[in-house]
Amino acid sequence: MTALLEARHVTKIFGGGFFTKSYTTALENFSMTIENDPPSVTAVVGESGSGKTTLARLLLGLVEPTRGQVLYKGEDLRKIGGRERRVFRRDVQVIFQDPFEVYNPFYKVDHVLTTPIEKFGLAKSRQERDSLVVQVLEAVGLRPEETLGRHPHQLSGGQRQRIMVARALLLRPRVILADEPVSMIDASLRATILGSLLKLNQEFGISILYITHDLTTAYQVSENIVVLYRGNVCETGDVELVVKKPLHPYTRLLVGSVPLPDVNRRWAAEAPASSIGQKADPNKGCRFANRCPNAMEKCIRETPPLYRVDEKRAASCYLYDDKPQLRSEDMMEVFIKGTPRLKTVVGVQ
Amino acid sequence: MADVVALSGTATDYAVKKDTWGNVRRYLRRNPSLLVGMFLLFCLLAFWLVGSAVYDTSRAAALSVPDTVHPPSAEYPLGTDRIGRDIMAVMIQGTMLTLRIGLIAGILGVSVGTIVAFLGGYYRGWFDTLLKGIVDVGLTIPGMLILIIIAVNIKDQGLTVDQMGLVVAIYSWLWPARTIRSQVLTMRERTWVEVARLSGVSGPEIIFKEILPNLMPYMLASLVGSVSSAILASIGLETLGLGPMAAPTLGMTIYWVIFYSAMLRGYYWWWMPPIAIIVVLFVGLFMVSMGLDELANPRLRRGV
Amino acid sequence: MKPDVLDVKDLKVYYHTPRGAVKAVDGVSFQLFAEERLGLVGESGSGKTTIAMALLRMIKAPGKIEGGEIWLEGADQVLARHGGKNGNGQYAKGGKVNLQTLTDEQMVSLRLSAIALIAQGSMNSLNPVMRIRDQIADGYQDHGYKLTKQELKERTADLLNRVGLRPSVADMYPHELSGGMKQRVCIAIAISLSPKVILADEPTSALDVVVQRQVMETLRRVQEELGASVLLVGHDMGLMAQAVDRLGVMYAGKMAEVSPVHDIFTKPLHPYAQLLIASLPSLDVKGEFKGIPGLPPSLLEDIPGCPFAPRCPYKMERCEVEKPILKEVAPNRHVACFLVEGAK
């Protein structure tokens, strides 16, 4: 069965043109599939420079891979045009980070909802269109009479972002790429947006790729997680395993650095990088070597492959080289599939 | 489950109630440049409208009055000049004609400039490279030089006011093309354009429906700038005697003033009025363009 | 109980817009004690950044400090040392000066030397065309310190070392440094004149969690070495739990609760604080998503009663008509809420 959306051995390098020697490898030999049956929620977690935003843009077809392919229903995105491309544009939607920048300041917020309806022919009359708009707004918990007809600056960040979620719902996509959807929203409003996203997954069967640097919301929302560091996958698998018992030194550092709102669990002292690691070349071998407290000679020479550390988890670190290796295209084997969530209520007092 | 959404927001929110006139009035109070500029231009416009309704402007043609070089009197409020024209009539007509040249050249310039700016800036490619080359080179060559050469070659065929406008337009599209192109380059990278693209909106539609409305203030400011420089260029050409010789434009008046050494001979009623009107015109245009600058660039806005 | 170094009394900052006055900070009082880290947390529009700017008198038109007093300890010594006239304002016992009574020039001499700022995104406020050592030297120069080249070099190296940077950083330009390193340079500049009060306004908001931790640890270390106090302004409750001793929670321009950080996270008193903490997602258990329904009120209108009342699950009739005042309801716990007062 062909996957809905697939990245196959994708590498993206920026720069390194004719006249410049310096280049950046944003993503290296990355493979992943996003299925729709059953619908999944996967988190891609990484900090700036990890490649997560590049991944989103590659999957949306906004930039082309340097090596490897991005496939939609088995076909290379670069070769898809015309009608098929329209179908792709419907099937794969995105929610951007900045809830202000996504709105054309000239128009009212309605514009962002009516445009796709028009372009994709989702309604046959003005009435149908209006009722569709009301429907999706209510589905994300907004009151149409309080949001329609307003300009973006008259609404809060939370409302604006929820309208974008509503917009994503309009097209009944099969996949939504959410790129840092709540990082620019106030804490007390984040819950409702995340709740809406989960609702799309549960009620409408839409798969979500949740891209963020915030480990906590990633944990709350997703089943599986991919931790990226400088273009490579560090650790991946069941989010419960990866977050509660991180194995890769970078994941450990990441989990340990999250500021928990718990006075009894304050930041522990950070383990210093090993002396061997200091000699690492930033573009060769394990990318984390120069900061890793467990770096070995091997780490500087060659990039570690993925090792299947648990049934539902893999890490690319030589500390676990006694475990079976996993090819990058088989990374998905450690993902849990279709686990029903325990609680789905978007709680409101 | 639905949220109780209160109408509010952060500290700098606007009230939801629409009060357009109040908004306009309030804004004008905070933007004195725009207000003063518009007022000056309005005065000139009124001068022409009222003047042509009340006064006999046929006397702006040469040899229409018997007394030449007559200082101001009851019959000729601004006197007459050497070639038999009633100066008041000339001023009334001239204001309109000079403005007209400016508007023809300005509007043409901005239209052509905008079209090429969008085609180049949005689609990039060879057209954009060609455009950039032409504009960058064109702007470095002194515009007057080009216009003088063109005007010298055409003048023998008898130039009308409208043709004058077209001549000046040859140069006046360059600057708008450049400024608007750079705006388009920025705008096309905005996230909302990406959202539109992902919503299935096609290229031309993005240009017209998404980007263009946001560039209106810039285009307006561009227009004012274009009109100003077009008027200046036309006055320059006319002063050199390269304009429509028979037309009573302000620039041609100055040509005649120089030709007949009116300043040396103390014919103040002849050279003062055109200069005064030109000054008012330019100050007005300048203030309007300053005011529009502030409107177009919210960061320059004083206050909230 | 340590003495206080900063005593803010009934501070009011309003922004005058064409539509009326926006009461960004409406009668806020709090104290910052010696060698302590006080956090000021709130969401957008709560007024927390405005307070930080007001303390430094860096509020720009149309904003204006409408009232209140800001007493700063040690300001008179700084004023005298830098050759300016002594503060001609009122003096409380202990040598504190009411900043509101000082001239603009006197305020200039106090900034950096008595009270320093690490601004939000301060990485972007480093001059891109100046080397780091010149930017550090700037501070000394502007405050009348005459140092020889050698002395400057030593001090710079010492400062950089204190923030965990190599001395070679002094010769670099900002663009050669990473975000975290630039932020640490800003910390170095902020402590260069050994101020008693350091204001940190969302100093890590643009940084990744790992770098954020490093920067916050650096800040803590230099603060302890200096014996200074830190006022940390931010919106990240998690960060506050890790980084401060006491926490003030702001809502709609008013202070809702000020309590020691341990108390406030285990048993928050003000309903807003309770809901806020309850809405924080945890890394332990997957659970419900709890937000706070509703939106903060518009600060343009005069709000009768408690600003949180429309969204408060424990709202009483009294809350809608009377404004609650910040009161000490338990040792060192201040809350502005009728519900809590009654329970006492």
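Residues numbered from 1 in each chain as written. Chains lettered and ligands numbered in written order. Predicted model: local features only at pLDDT ≥ 70, side-chain atom pairs only at ≥ 80, totals over all residues.

1. Points about the environment of A:Val112
Part 1: Assignment of secondary structure puts A:Val112 in helix H3 (residues 110-119).
Part 2: Given 23 C-beta atoms within 10 Å, A:Val112 falls into the buried group.
Part 3: A:Val112 sits 52 residues away from A:Met164 along the chain, and the two C-alpha atoms are 8.0 Å apart.
Part 4: Excluding residues that lie within four positions of it along the chain, A:Val112 makes contacts with A:Tyr103, A:Ile163, A:Arg167 and B:Val195. (Helix = DSSP H or I, 4+ residues; strand = E, 2+ residues; numbered from the N terminus. Buried ≥ 20, exposed ≤ 12 C-beta atoms within 10 Å, placed from the backbone. Contact = placed C-beta atoms within 7 Å.)

2. Details of the environment of C:Leu177
All names here are of chain C.
Part 1: In this structure, leucine 177 sits in the loop between helix H5 (149-162) and helix H6 (179-191).
Part 2: The exposure class assigned to leucine 177 is partly exposed, which follows from the 18 C-beta atoms found within 10 Å.
Part 3: For the pair leucine 177 and valine 97, spaced 80 residues apart in the sequence, the C-alpha separation amounts to 39 Å.
Part 4: For leucine 177, the contacting residues outside a window of four places in its chain are Val169, Met172, Lys182 and Val185.

3. A short note on the sheet that holds strand S13 (residues 325-326) of chain A
Residues and elements named next belong to chain A.
Part 1: Across the sheet, which stays open at both edges, the 9 strands sit in the order S6-S7-S8-S3-S9-S10-S12-S11-S13 with mixed pairing between neighbours. Of all strands in the sheet, those bounded by a partner on one side alone are strand S6 (92-95) and S13.
Part 2: With 2 bridges joining them, strand S11 (residues 306-310) and S13 adopt antiparallel strand pairing. Its bridge partner being in S13, tyrosine 307 is matched across the sheet by glutamine 325. (Pairing = 2+ DSSP bridges.)

4. Observations concerning the packing of helix H4 (residues 132-142) of chain C against H6(C)
Residues and elements named next belong to chain C.
Part 1: Running from amino to carboxyl end, H4 crosses H6 at an angle of 25 degrees, the nearest separation of the two axes being 9 Å. Between H4 and H6, the angle falls in the class roughly parallel. The two elements H4 and H6 cross, and the hand of that crossing is right-handed. Seen from H4, the contacting residues are Ile132, Gln135, Ile136 and Gly139; seen from H6, they are Val185, Ala188 and Ile189.
Part 2: Residue composition of the contact of H4 with H6, grouped by class: 5 nonpolar, 2 polar and no charged. (Axes fitted to C-alpha atoms, helices over the stretch in contact; angles between N-to-C directions. Parallel < 35°, antiparallel > 145°, perpendicular 65-115°, else oblique. Left-handed = near helix turned anticlockwise from the far one by under 90°. Nonpolar A, V, L, I, M, F, W, Y, C, P; charged D, E, K, R; others polar.)

Structural measurements only, silent on function.
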